[in-house]
Amino acid sequence: MTFVQWNCRGIKNKKIWLKVPPFSIFEFWVFQETFLQHQDHRLCSSKNFFYIDRQGRPGGGLLTAIPKNASGRVIPTGFSHNFNQEILAVEVHFKDFHFIIINLYAPQGLNIENVKYFFDSFSIPVFIFGDFNLHHPFWGSNRSSPLSNDFVEWLQNSSFILLNSSNPTYAAYTGSASLLDLSICSASISHAVDCYVSESNFESDHYPVIITWSILDHTPKKIKSIDWNRIMSNSATVLNTNTRLNALTSKISEVIRNNTKIITLPDKNYPPWWNLSCHNFQKLKIFFRKRALRLISESDWMKHKKYAAKLRFHIKKASRNYWDKICNITKNPRMFYSMLNRIYNHTNQEINTVNLILHNNHYISNPVQQSNLFADFFSDNSMKHEPIPLDYCEDCNSNLNIPIHLQEVRQAIQKTRNSTPGADGITANWFKRLSNTDLICITSFFQEVFTTSYIPEEWKHSIIVPIPKPNKDKTKINSYRPIALTSVFSKVFERILIQRITHHLLTEKKIPPSVNGFLPLRDNQLAVYKIHTAISEAHSHRKYFIGISLDIKSAYDTVYIDGLIFKCLQLGITVIQKDPKGTLQLDTSSSRNLCGDLKPVQSMVTVLV
């Protein structure tokens, strides 16, 4: 569903523009300052019009147009339509949806105190479009007024969301631009509403605002179909041929992509656990039932009963697996709270589901602009310094630098979770389906990376997802932490090296007993138990127990990578390759590209190759 909001400054001499996009293709028109009289509202034969004339004045006037196949009625507002305020509220029924469009014009600025109770009185979705004539830094202005401050305070405490907050909609003859035409909707539908400003003003000093409500466009359920048999056979061909190291990942990605199909299911409300097996057996059940009734065939009826039984089995299996997964998630209190919070945000109208990013005193709502801001911010926070030369130790540790064994690769694959893949699209399921012959080929490729210290370019490409930090202002860009979706090839290889380094540090007793976390039999629960034991002993001996907790701000961004590697070399973690001069020039840029500045241990491991 599409809306166009426009302060046309007289529509009578601009009727020709209504025959061109966006007006000709959009379903709802919301115009201000039409300058029309009662006899002039014959603009388009395909729409029904609701309007308010400006009594006794040449300017003003509101018009709301809806399609002919939609029904609507004017809601009495009880306000006097004077020079300072015009409001037109229309209740609309369209395509089984029920909502309200409020059209307003306030030439001297909207006084929210007069209308806020009217706006808050509706229980169905509401759109508020109009020329508010308010200036405030919340939508990019350099000044504010008491009326705009009151409006922003109401907006922040209400169940409405401001859709446009960045691009100006008014251009003065002096060349200055400002955002005066605001688009607001209920928070319950804001996640499905998009808004942008047109590039043409169509002979007015105001630019049209385009609003789309995608929730009315039915989104069909899609199921991913993966032919694993063909994928593994083609992958075996790629692995057994003399494929170069830098082309292996791209060829495997192409094989998976060519044998993966997205099946769009017909329009129907499917449960969340509905999968491809349920869909296929349901189709077979319906097909043979219709065929048996048409041909009166006993064999077809038996097939119908057979596939109906299989459908019931797969429905029961899919639903049980789905809810078992949900129950496993709820075992973690943090995950359970996060899941409840997401459900609450989805159903509660008072929750702002659209995140605006504040940048240079302007709020950015466009997803592409927000992505560019996050990319610049995360890249600027990474430490940039010249690599330092480190002395190379001649005595290479034999346990660290022995050739990679097949069992190491198998264990690393088993410990890799079936999480979201990286940019190459290769999942952990692909690794777990490899045969012993294919695993030997993968081991040889890992050994080549280990020996040559060459990291394939596909391993360095990550998808960065910003995750908001809890209890932080989501409008600030530094309130987000980046999560990188890296290549599973990289994860498996790093897991092999981490296992080697961890085993070396523990057997050589390089890690103090007080260090806990990310170590075998040394998790955080053990640290809590030690603290509890120390407190109990101090209490029993009538002594004090002093605990100091440190929370380092931007801890990863302040880590000195080369210094960390230097300490690792001092602990006996050496490398194979060295230059002719006997010194190792460490370049940490490759580790940052590979891990997305997220995992200092894994970045360290990558450089140590």
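Everything here concerns the structure above.
Computed from a predicted structure; not experimentally measured.

All right, on to the side chain of Asp-424 then. Its place among the elements puts Asp-424 in the loop between helix H10 (406-414) and helix H11 (428-432). Buried within the structure, Asp-424 lacks any salt-bridge partner; its nearest side chain of opposite charge belongs to Arg-257, at an N-O separation of 8.8 Å. Side-chain polar atoms of Asp-424 contact the side chain of Ser-487, separated by 2.7 Å. For Asp-424, the residues in contact, after removing those within four places along its chain, are Thr-249, Ser-253 and Ser-487.

Let us now look at the state of the cysteines. Scanning all chains against the criterion turns up zero disulfides. Considering cysteine sulfurs only, Cys-185 is the nearest to Cys-195, which forms no disulfide, with 9.1 Å between them. Judged by relative accessible area, Cys-195 falls into the buried class, the value being 16%.

Turning our eyes to something else, we now look at the nonpolar core. With 34 residues, the main nonpolar core has Trp-430, Phe-431, Phe-446 and Phe-489 as its most contacted residues. Elements with a contribution of two residues or more to this core: helix H3 (228-240), helix H4 (245-258), H10, H11, helix H12 (436-452) and helix H14 (488-507). The biggest single contributor to this core is H12, with seven residues. Phe-446 has contacts with Ile-404, Val-409, Trp-459, Phe-489, Val-492, Phe-493 and Ile-496, leaving out every residue within four places of it along the chain. The next biggest cluster of nonpolar side chains, apart from the first, holds 28 residues, and it includes Leu-104, Phe-119, Leu-134 and Leu-179.

The next subject is the pattern of salt bridges. Scanning the model with the defined rule gives nine salt bridges in all. Between Glu-408 and Arg-500 there is a salt bridge; the shortest N-O distance is 2.9 Å. Here the residue Glu-408 occupies a position in helix H10, and Arg-500 occupies one in helix H14, the gap between them amounting to 92 residues.

A separate point is the packing of aromatic side chains. Taken as a whole and judged by the stated rule, the model has 41 aromatic pairs. Centre to centre, the rings of Phe-23 and Phe-202 are 5.1 Å apart; their planes meet at 70°, and the pair counts as edge-to-face. Here Phe-202 lies in the loop between strand E13 (193-197) and strand E14 (209-213) and Phe-23 lies in the loop between strand E1 (2-7) and strand E2 (28-32), a separation of 179 residues in the sequence. With respect to burial, Phe-23 and Phe-202 carry one shared label: buried. Look at Phe-28 and Phe-94: their rings are 5.6 Å apart centre to centre, the planes differ by 85°, and that puts the pair in the edge-to-face class. A residue pair is termed long-range when its members are at least 10 positions apart, and Phe-28 in strand E2 and Phe-94 in strand E6 (residues 86-94) qualify at 66 residues.

The next point concerns unusual backbone geometry. Of all residues except glycine, most have a negative phi; of all peptide bonds, most are trans. Positive phi, normally seen in glycine, also occurs at Arg-9, with a value near 55°. Relative to the elements of secondary structure, Arg-9 occurs in the loop between E1 and E2. For Arg-9, a relative accessible area of 33% translates into the label partly exposed. The phi dihedral of Asn-133 is positive, around 55°, even though this residue is not glycine. Examined against the element boundaries, Asn-133 turns out to sit in the loop between strand E8 (126-131) and helix H2 (146-157).

For an α-helix, 3.6 residues make a turn, and residues three or four places apart therefore share a direction. Over its twelve residues, H2 extends 17 Å from the first C-alpha to the last, a length consistent with the 16 Å expected when each residue adds 1.5 Å. Those residues of H2 lying buried are Ser-148, Phe-151, Val-152, Trp-154 and Leu-155. In an axial view of H2, the angular spread of the buried residues amounts to 165°, which keeps them on one side of the axis. Every exposed residue of H2 that faces more than 90 degrees away from the buried side is listed here: Pro-146, Gln-156 and Asn-157. Buried residues along H2 sit against helix H1 (116-119), strand E9 (160-162) and strand E12 (181-186).

Conventions and cut-offs
Residues numbered from 1 in each chain as written. Predicted model: local features only at pLDDT ≥ 70, side-chain atom pairs only at ≥ 80, totals over all residues. Heavy atoms only, no water. Helix = DSSP H or I, 4+ residues; strand = E, 2+ residues; numbered from the N terminus. Buried < 20%, exposed > 50% of the residue type's maximum accessible area, 1.4 Å probe, protein only. Lys, Arg positive; Asp, Glu negative; His and termini not counted. Salt bridge = Lys/Arg side-chain N within 4 Å of Asp/Glu carboxyl O. Polar contact = N/O pair within 3.5 Å; in protein donor to acceptor, adjacent residues only side chain to side chain. Contact = heavy atoms within 4.5 Å. Disulfide = S-S within 2.5 Å. Core = buried A, V, L, I, M, F, W, Y, C linked by side-chain atoms within 4.5 Å. Phe/Tyr/Trp six-rings, centres within 6.5 Å; stacked < 30°, edge-to-face > 60°. Expected span 1.5 Å × (residues − 1). Arc of directions from axis to C-beta.

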